[in-house]
Amino acid sequence: MELSSFWREVTEFALQLTARVGSQLLADFGQARSMEKADGSLVTSSDKWADRAFQEAIAAAYPDHGYLSEESNHIFPETEWCWVVDPLDGTTNFAHGIPIWGSSLALLHWGLPVFGCVHLPPIRQTFYGYWPQFPGDAPAGAFLTRHDRHPACPQPIRPSTAPPGPNQLFNFCSRSGHWISPEFPCKARMLGGAAYNLLLVASGSLLGAVERSPKIWDVAAVWAIAKGAGAVWEPLGPADPDPGQPLRVGKDYGQLTYPTLLVAQAKWVPLFRAFISL
């Protein structure tokens with residue numbers, strides 16, 4: 001894939017930054033103490049540290065870019081470019097010693113996701129991808145680097161083309177387990193961590209996944225990667241927002257959720273929707 005100098009710089013910046021922050025998070029793994037936030041979700045000192053590290057690095061490298069994050073700023077800024085960050089996606093897993101968690105960075109252009117990078121230190125995997133929205137944006141594509149392989153080179157990812165069946169997988173979030181039934185056309189999984197759940201559809205391991213209540217920082221990076229890979233992203237309900245809709249300047253995104261169904265192939269959407277209803 002041919003990238004302009006700007007997009008090569010953005011990509012390298014995101015890869016290096018998530019790797020650096022991930023190294024410290026991995027050192028903290030199993031030692032961080034957690035507490036409940038007002039919404040009932042967990043937060044640790046590692047979440048807070050990672051948020052500061054991301055914010056400071058982005059401000060130094062791109063001082064004219066905005067910053068939206070789960071742990072600090074929830075108000076979308078009036079800037080052409082804005083980074084949307086989940087410093088530690090999968091905090092509950094992290095706090096309980098389960099090695100499925102990571103950091104998620106999205107770059108938005110005029111409020112629309114055009115680049116995403118998700119680094120998962122415990123399993124040594126990094127996903128990144130592009131979905132163009134305006135002239136000059138990087139061309140569509142999505143990639144996975146497995147750092148435990150030599151050489152650790154990024155490889156293009158695509159969703160599975162296999163038909164649903166008893167040996168294919170579909171991931172549910174903790175708020176959607178009531179939809180699991182013996183008649184469901186795939187085996188159910190529940191891994192924890194919204195980003196990784198959805199990325200496994202984009203990369204071909206799962207045929208689909210559902211997330212009932214992710215926030216924009218949970219899904220902005222994954223949306224760009226999944227779209228770049230060729231997966232089919234749909235809001236769960238007709239009135240639910242889509243990460244592909246522009247974020248509004250001055251709006252508080254702290255409470256807005258993006259209920260999502262992600263499917264490997266468009267032709268399987270009706271089948272899965274028959275088992276999923278709000």
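Definitions and cut-offs
Residues numbered from 1 in each chain as written. Predicted model: local features only at pLDDT ≥ 70, side-chain atom pairs only at ≥ 80, totals over all residues. Heavy atoms only, no water. Helix = DSSP H or I, 4+ residues; strand = E, 2+ residues; numbered from the N terminus. Buried < 20%, exposed > 50% of the residue type's maximum accessible area, 1.4 Å probe, protein only. Contact = heavy atoms within 4.5 Å. Axes fitted to C-alpha atoms, helices over the stretch in contact; angles between N-to-C directions. Parallel < 35°, antiparallel > 145°, perpendicular 65-115°, else oblique. Nonpolar A, V, L, I, M, F, W, Y, C, P; charged D, E, K, R; others polar. Pairing = 2+ DSSP bridges. Expected span 1.5 Å × (residues − 1). Salt bridge = Lys/Arg side-chain N within 4 Å of Asp/Glu carboxyl O.

### Comments concerning the environment of L144
By the element assignment, L144 lies in strand 8 (residues 141-146). For L144, a relative accessible area of 7% corresponds to the buried category. L144 sits 126 residues away from P270 along the chain, and the two C-alpha atoms are 29 Å apart. Ignoring anything within four residues of it in the chain, the contact list for L144 reads Q125, T126, F127, C153, P154, Q155 and I157.

### Concerning the packing of helix 4 (residues 194-202) against helix 5 (residues 216-229)
For the pair helix 4 and helix 5, the least separation of the axes is 9 Å and the interaxial angle reads 5 degrees. What the angle tells us is that helix 4 and helix 5 run roughly parallel. Facing A194, A195, L198, L199 and A202 of helix 4, the residues of helix 5 in contact are D218, V219, V222, I225, A226 and A229. Looking at the contact of helix 4 with helix 5 residue by residue, the classes come out as ten nonpolar, no polar and one charged.

### Thoughts on the sheet that holds strand 4 (residues 81-89)
Overall, mixed pairing links the seven strands, which are arranged 3-4-5-6-7-8-9 in an open sheet. Bordering the open sheet on either side are strand 3 (66-69) and strand 9 (155-156), each of which pairs with just one other strand. Strands in contact with helix 2 (residues 45-61) are strand 3, strand 4 and strand 5 (102-109); relative to strand 4, the strand with the most contacts, it is inclined by about 155 degrees. The strands touched by helix 5 within the sheet are strand 3, strand 4, strand 5, strand 6 (112-120), strand 7 (125-130) and strand 8, with strand 6 carrying the most contacts at an inclination of about 100 degrees.

### Observations concerning the sheet that holds strand 14 (residues 260-263)
With mixed pairing, five strands are arranged side by side in an open sheet as 11-10-12-14-13. Two strands lie at the open edges of the sheet, namely strand 11 (187-189) and strand 13 (232-235), each paired on one side alone. Taken pair by pair, the neighbouring strands of this sheet meet at an average axis angle of 20 degrees, ignoring direction. Note: strand 10 (residues 169-171) against strand 11, three bridges, orientation parallel. In the sheet register, N171 faces strand 11, and the bridge partner there is R189. Sheet contacts for helix 4: strand 10, strand 12 (208-211), strand 13 and strand 14; angle to strand 12, the most-contacted strand, approximately 155 degrees. Across the face of the sheet, helix 5 comes into contact with strand 13 and strand 14 while running at roughly 140 degrees to strand 13.

### Let's talk about helix 5
Here helix 5 contains 14 residues, and its C-alpha end-to-end distance of 19 Å stays within 8% of the 20 Å for a straight helix at 1.5 Å per residue. When you tally the buried positions in helix 5, you get 13 out of 14 residues, the bulk of the element. A positive phi of about 110 degrees marks G230, the residue just after helix 5.

### With respect to the pattern of salt bridges
Applying the stated criterion to the full structure yields two salt bridges. Put simply, E71 and K48 hold a salt bridge, and the shortest N to O gap is 3.9 Å. Of this pair, E71 sits in the loop between strand 3 and strand 4 while K48 is found in helix 2, placing the two residues 23 residues apart along the sequence. Under the relative-accessibility criterion, E71 is labelled buried at 11%. A salt bridge links E234 to R273; the shortest N-O distance between them is 2.9 Å. Separated by 39 residues along the polypeptide, E234 in strand 13 and R273 in helix 6 (residues 269-273) bring together distant segments of the chain. Given a relative accessible area of 24%, E234 falls into the partly exposed group.

Shape is all these values report; function is a separate question.
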